[in-house]
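Observations on chain architecture
For reference, the chains in residue letters:
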Amino acid sequence: MQPKGTRLEVNLNALEHNYHYLRSKLDHGTKFISVVKANAYGHGIVEVAQKLQDLGTDYFATAYVEEAVELRNNKIVKPILVLHAQQHNLEICIDRCLEPVIYSVEMLDAFTAFAKAKNQQSYPIHIEFNTGLNRIGIDAVDLDKVLDKIKSSPEIKVRGLQSHLAASEDLDEEAFTNKQILLFEKLADRMQDVLGYEILKHESNTSGILNFKSAHFSMVRSGIGLYGFGNDLKFDKHLKPIGTLISNISQIRTIEAGETVSYNRMFVAKDRTTYAVVAIGHGDGINRIYGYGKLKVQVNGHAAPTLGIICMDMLMIDITGIEASVGDEVVIFDPQVHTSRQMAEDAGTISYELLTGIQKRVKRVYLSN
Ligand SMILES: *Cc1c(COP(=O)(O)O)cnc(C)c1O
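Values in this document were obtained by computation on a predicted structure and should not be read as measured data.

So, on to the overall build of the chain. Helices and strands together make up the secondary structure of the chain, namely 13 helices and 18 strands. Dimensions of the chain, computed from the C-alpha atoms along their principal axes, are close to 80 × 40 × 40 Å. Within the chain, buried positions represent 53% of all 369 residues. The contacts of the chain with a sequence gap of at least 6 include a subset with a gap of at least 24, amounting to 65%. Split by element, the accessible area of the chain, about 16,600 Å² in all, is 48% carbon and sulfur. Across the chain, the mean location of the 40 positive side-chain charges is 3 Å away from that of the 45 negative side-chain charges.

A few words now on the environment of aspartate 142. Among the secondary structure elements, aspartate 142 is positioned in the loop between strand E6 (123-128) and helix H7 (143-151). Using a relative accessible area of 21% as the deciding quantity, one classes aspartate 142 as partly exposed. In the structure, aspartate 142 is positioned 13 residues away from phenylalanine 129 in sequence and 9.5 Å away in space, judged by C-alpha atoms.

To describe a pair of aromatic rings, one takes the distance between the centres and the angle between the planes. On inspection of all chains with the given rule, the structure shows 5 aromatic pairs. The structure contains a cluster of three or more aromatic residues connected by ring pairs, namely Tyr41, Tyr227 and Tyr352. Over the aromatic face of tyrosine 197 sits the side chain of lysine 157, whose NZ or CZ is 4.5 Å from the ring centroid.

Near the ligand, the surroundings consist of 14 residues, among which Lys37, Tyr41, Thr206, Ile224 and Tyr352 are the closest. The separation between an oxygen atom of the ligand and a polar side-chain atom of lysine 37 is 2.7 Å. One of the backbone N or O atoms of isoleucine 224 is found 2.8 Å from an oxygen atom in the ligand. Protein chains bury 92% of the 390 Å² of accessible surface belonging to the ligand in isolation.

This part is about the domain arrangement of the chain. Looking at the chain, the domain boundaries give domain 1 (12-227) and domain 2 (243-367). Looking at the side of domain 1 facing domain 2, the largest losses of area belong to Tyr41, His43 and Ile224, adding up to 49% of the total buried there. Applying the counting rule to domain 1 against domain 2 returns 0 salt bridges. Our count for the contact surface shared by domain 1 and domain 2 stands at 4 residue pairs in polar contact (both at pLDDT 80 or more). Listing elements by their share of the side of domain 1 that touches domain 2, those giving two or more residues are helix H1 (12-24) and helix H2 (37-41). The element contributing the most residues to the side of domain 1 that touches domain 2 is H2, with 3 residues. Tallied by class, the residues present in the side of domain 1 that touches domain 2 amount to 4 nonpolar, 5 polar and 1 charged.

Sequence positions flagged by UniProt for "binding site: substrate" (unreviewed entry) are, in local numbering, Arg135 and Met312. A maximum C-alpha distance of 33.2 Å among these annotated residues, which run over 178 residues, shows that they spread across the structure rather than meeting at one spot. Here arginine 135 shows up in the loop between E6 and H7. Since its relative accessible area comes to 59%, arginine 135 is described here as exposed. Not counting residues up to four positions away in its chain, the partners in contact with arginine 135 are Asn130 and His164. Among the structural elements, methionine 312 can be located in the loop between strand E15 (302-305) and strand E16 (315-318). With residues up to four places along the chain from it excluded, the contact list for methionine 312 reads Gly281, His282, Gly283, Asp284 and Arg361.

Time to look at the pattern of salt bridges. The tally for this structure, following the rule as stated, stands at 17 salt bridges. A salt bridge links lysine 51 to glutamate 16, with the shortest nitrogen-to-oxygen separation between them at 3.2 Å. Linking lysine 51 in helix H3 (residues 45-55) with glutamate 16 in helix H1, this pair joins segments that are 35 residues apart in sequence. Glutamate 345 serves as the salt-bridge partner of arginine 341, at 3.4 Å between the closest nitrogen and oxygen. In this pair, arginine 341 and glutamate 345 are both assigned in helix H12 (residues 340-346), 4 residues apart and thus about one turn of the helix distant. Exposure remark for glutamate 345: the relative accessible area of 40% places this residue in the partly exposed category.

Turning our attention to the UniProt feature "domain: Alanine racemase C-terminal" (unreviewed entry) in the chain. Listed under "domain: Alanine racemase C-terminal" (unreviewed entry) in the UniProt record, and renumbered for this structure, are residues 242-367. Measuring from the first to the last C-alpha atom of residues 242-367 gives 10 Å, for a span that is 10% helix and 36% strand.

Moving on, we come to the pairing of strand E5 (residues 99-102). Residues Glu99 and Val101 point to one face of E5 and Pro100 and Ile102 to the other, with burial holding for every one of them. Both strand E4 (residues 80-82) and E5 contribute to a ladder of 2 bridges, which runs parallel. When the sheet's bridge partners are listed, valine 82 is paired in E5 with proline 100. As for the winding sense of the linkage, the β-α-β connection from E4 through helix H5 (residues 90-95) to E5 is right-handed. As defined by bridge partners, E5 adjoins E6 across 2 bridges and the pair is classed as parallel. Across the sheet, isoleucine 102 pairs through a bridge with isoleucine 127, a residue of E6. Crossover connection from E5 via helix H6 (residues 105-117) to parallel E6: handedness right-handed.

Each value, and the rule that gives it
- Residues numbered from 1 in each chain as written.
- Predicted model: local features only at pLDDT ≥ 70, side-chain atom pairs only at ≥ 80, totals over all residues.
- Heavy atoms only, no water.
- Helix = DSSP H or I, 4+ residues; strand = E, 2+ residues; numbered from the N terminus.
- Buried < 20%, exposed > 50% of the residue type's maximum accessible area, 1.4 Å probe, protein only.
- Contact = heavy atoms within 4.5 Å.
- Areas by Shrake-Rupley, 256 points an atom, 1.4 Å probe, with all protein chains shown as cover.
- Lys, Arg positive; Asp, Glu negative; His and termini not counted.
- Charge placed at Lys NZ, Arg CZ, Asp CG, Glu CD.
- Phe/Tyr/Trp six-rings, centres within 6.5 Å; stacked < 30°, edge-to-face > 60°.
- Lys NZ or Arg CZ within 6 Å of the ring centre and 35° of its normal.
- Near = heavy atom within 4 Å.
- Polar contact = N/O pair within 3.5 Å; in protein donor to acceptor, adjacent residues only side chain to side chain.
- Domains from an automatic or database assignment.
- Buried area = accessible area lost by both parts, 1.4 Å probe.
- Salt bridge = Lys/Arg side-chain N within 4 Å of Asp/Glu carboxyl O.
- Nonpolar A, V, L, I, M, F, W, Y, C, P; charged D, E, K, R; others polar.
- UniProt positions renumbered as here; feature names shortened; annotations may be inferred.
- Pairing = 2+ DSSP bridges.
- Right-handed = clockwise from strand over helix to strand, strands pointing away.

Shown next, in the form of structure tokens:
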């Protein structure tokens, strides 16, 4: 049966294509972390992760512990890195076999205490160093302090060393990125020397994979690339956006010059105007920045701009001169004609924000052949 109503169609074959493309950029043996935080960038964490597990991803990463627990509750058995665990739920990491990224000295102490209390030995953790993003991470000056603590804590073992690049998509910042890569290498070498065992090293997101071979190290973390974007049109050509956001028309009306549409009467018709009411709004993740014609959707092959203010459950589009009827499909974004990247950039934001903002109320429908 053909699915109906407002929905995000997710093409699992496109996900497979992107996974293979990204892996093809890596040396044989470099491990691949599939980043599925924020509901797999809006596409549905469980279905996307199950597909990636079937494809052979080495690792998953979520931002929060709760997201990782959802994976564990849904047959995901691969290692899961928790990028942004917090002290109040670190204990759950041990209960559900999750690998926390430890990004401060206090967090290292807290986690070691939990591991000890739960009689762990060599529990795998990842240490995050701040090499220039200045977000979370341990500063290089604290390296020796951290190493002393790790050496005297048999309940934990460093599985990986992580850092995050600040501007991997921006080649104007290449010098800064190279400095980050060098510092990371130095920290990793010293850590391995002192601890005396091999550690996984990971510093690259999608743009790091595509732009900085020297930042691949032993493992990479990719999110947006899996979903079809490479932060540069030259890479987008090789990737396939996996989502298509579709809604439909609830009502059609014609107004005369001088009449207004939507809240606060912000759209005033200059001429006789036919418009359609579409069953999607800011309550679904189409934010108010997409109003006033900033967004053009597709109706029966024609582009139709939004009129006036976007409402919570509806938005209005100008269909003057377009053949359309109640029930007709309205394509908000799709992989070819009007991508989520284009849509986001036209309104001054990025695809990451648009995709992760698609709300629960929008049905996810999975397609594969
Ligand atoms: C979100 C995130 C990623 C994935 O970034 P993409 O640009 O989507 O590939 C990788 N690493 C960390 C630490 C992140 O927070």
